[in-house]
Amino acid sequence: MTTEYIIVFITARDEDEAVRISRTIVEESLAACVNIIKTVRSIYRWQGRVEDEQEVLMIAKTKRALFERLQMRVKKLHSYSVPEIIGLPVIEGSKEYLEWLGQETE
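Residues numbered from 1 in each chain as written. Predicted model: local features only at pLDDT ≥ 70, side-chain atom pairs only at ≥ 80, totals over all residues. Heavy atoms only, no water.

Colleague: Could you clarify how one ought to interpret the sheet that holds strand 1 (residues 5-12) in this entry?
Modeller: Note on sheets: strands pair through backbone hydrogen bonds, and any given pair is parallel or antiparallel. Across the sheet, four strands lie side by side as 2-3-1-4; this open sheet has antiparallel pairing. Two strands in the sheet have a free side with no partner beyond their single neighbour: strand 2 (33-46) and strand 4 (85-89). Going from strand to strand, the sheet's axes swing by 30° on average, the running direction of each strand aside. Note that strand 2 and strand 3 (residues 49-63) share 12 bridges and pair antiparallel. (Pairing = 2+ DSSP bridges. Helix = DSSP H or I, 4+ residues; strand = E, 2+ residues; numbered from the N terminus. Axes fitted to C-alpha atoms, helices over the stretch in contact; angles between N-to-C directions.)

Colleague: In this structure, what is going on with the packing of aromatic side chains? I would like to understand it.
Modeller: Centre-to-centre distance and the angle between the planes together describe a pair of aromatic rings. Summed over all chains, the structure comprises one aromatic pair. Taken together, a centroid distance of 5.3 Å and an interplanar angle of 45° make the contact between Tyr 97 and Trp 100 tilted. Placement of the pair is Tyr 97 and Trp 100 together in helix 3 (residues 95-104), with a separation of three residues, close to one helical turn. Taking the relative accessible area as the measure of exposure, Tyr 97 reaches 33% and is therefore partly exposed. (Phe/Tyr/Trp six-rings, centres within 6.5 Å; stacked < 30°, edge-to-face > 60°. Buried < 20%, exposed > 50% of the residue type's maximum accessible area, 1.4 Å probe, protein only.)

Right, dumping it as structure tokens:
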């Protein structure tokens with residue numbers, strides 16, 4: 001079982017913000033790759049109300065050891081006061097991909 005690597009879900013208000021955050025965390029080697037999925041529909045409770053909004057989802061691949069630094073960086077770049085930043089373990093992956101992921105992150 002591989003738990004050295006994680007997938008991090010991050011939502012953003014629009015594509016421009018997602019691109020800015022993604023580019024920064026990849027340039028700073030906090031993530032090896034970020035996929036951006038345009039237009040996800042998010043239904044959530046916020047300040048006592050149920051909200052229904054369009055958002056953009058980022059899927060970042062990184063090392064578990066970098067999660068805290070990545071989280072702090074995203075929070076500084078993000079427009080939300082409470083951004084979604086959720087890390088999930090990578091259970092399995094191709095040897096070559098995981099080697100590349102390890103090489104491309106600090």
